[in-house]
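Letter by letter, the chains look like this.
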Amino acid sequence: MAKKKENRFQREVIQELKSRFPGCVVMKNATGFHDGFPDIVMYLGRVWAMLECKREKAAKKRPNQLYWVDRMDGMSFARFIYPENRAKVMAELEAFVVASVGIDISGRRDAA
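Quick word on the confidence of the model for the chain
Turning to step 1, where the next piece is worked out: Per-residue confidence for the chain gives a mean pLDDT of 87; residues scoring 70 or more make up 84%.
Turning to step 2, where the next piece is worked out: Within the chain, helix H1 (residues 6–20) has the poorest average pLDDT of any element, 93, and strand E4 (residues 78–81) the best, 98.
Turning to step 3, where the next piece is worked out: Ignoring residues within four places in sequence, the model shows residues 107–112, a span with pLDDT below 50, making 10 contacts including any to other chains.

Describing the nonpolar core
A general trend in soluble globular proteins is that nonpolar side chains are found buried together.
Turning to step 1, where the next piece is worked out: Counting 21 residues, the largest nonpolar core has Val13, Leu17 and Met42 as the members making the most contacts within it.
Turning to step 2, where the next piece is worked out: For this core, the element with the highest residue contribution is helix H3 (residues 86–101), accounting for five residues.
Turning to step 3, where the next piece is worked out: Leu17 has contacts with Cys24, Val26, Ile40, Met42, Leu51, Met90 and Leu93, leaving out every residue within four places of it along the chain.

A word on the packing of aromatic side chains
Turning to step 1, where the next piece is worked out: Counted according to the given criterion, the structure contains three aromatic pairs.
Turning to step 2, where the next piece is worked out: Here the aromatic rings of Phe37 and Trp68 are separated by 5.1 Å at their centres, their planes lie at 75°, and the arrangement is edge-to-face. Separated by 31 residues along the polypeptide, Phe37 in the loop between strand E1 (25–28) and strand E2 (40–44) and Trp68 in helix H2 (residues 65–75) bring together distant segments of the chain. We note that Phe37, like Trp68, is buried.
Turning to step 3, where the next piece is worked out: For the ring pair Phe77 and Phe96, a centre distance of 5.4 Å and an interplane angle of 40° mean the geometry is tilted. Remark: Phe96 occurs in helix H3 and Phe77 occurs in the loop between H2 and E4; sequence separation between them is 19 residues.
Turning to step 4, where the next piece is worked out: Joined through ring pairs, the aromatic side chains of Phe37, Tyr67 and Trp68 make up one cluster.
Turning to step 5, where the next piece is worked out: Sitting over the ring of Phe80, Lys61 keeps its end group 4.8 Å from the ring centre.

Considerations on the sheet that holds strand E3 (residues 47–53)
Turning to step 1, where the next piece is worked out: Spatially, four strands are ordered E1-E2-E3-E4 in an open sheet, and the strand pairing comes out mixed. What marks the edges here is a single partner per strand, and that holds for E1 and E4. Along the sheet, successive strands turn relative to each other by an average axial angle of 20°, direction set aside.
Turning to step 2, where the next piece is worked out: Note: E1 against E2, four bridges, orientation antiparallel.

So, how was this worked out
Residues numbered from 1 in each chain as written. Predicted model: local features only at pLDDT ≥ 70, side-chain atom pairs only at ≥ 80, totals over all residues. Heavy atoms only, no water. pLDDT = per-residue confidence, 0-100. Helix = DSSP H or I, 4+ residues; strand = E, 2+ residues; numbered from the N terminus. Contact = heavy atoms within 4.5 Å. Core = buried A, V, L, I, M, F, W, Y, C linked by side-chain atoms within 4.5 Å. Buried < 20%, exposed > 50% of the residue type's maximum accessible area, 1.4 Å probe, protein only. Phe/Tyr/Trp six-rings, centres within 6.5 Å; stacked < 30°, edge-to-face > 60°. Lys NZ or Arg CZ within 6 Å of the ring centre and 35° of its normal. Pairing = 2+ DSSP bridges. Axes fitted to C-alpha atoms, helices over the stretch in contact; angles between N-to-C directions.

Laid out in structure tokens, this is it:
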């Protein structure tokens, strides 16, 4: 079976974010902004998350990608995402959003 290209996987991840988190803003970061900076940023309410897409778990990481994912995760939420861990990362992101701002997956704020 042919491996999925990374840019196709990125599009699928972006579509899933928009579907899973109604009202979010998802942007693809410009290449060359910072070497190794994560591919995708999602904004929802007061939170943001960054995802670095890889076409497979074994795909090589470019210089500084570990640094940026770790640094951004220390500020908010950031992960490497690939087909093999996609469900786990999305579940972690959902839990992070709910815990951070009380927004459920339908986009409504929980009554506080």
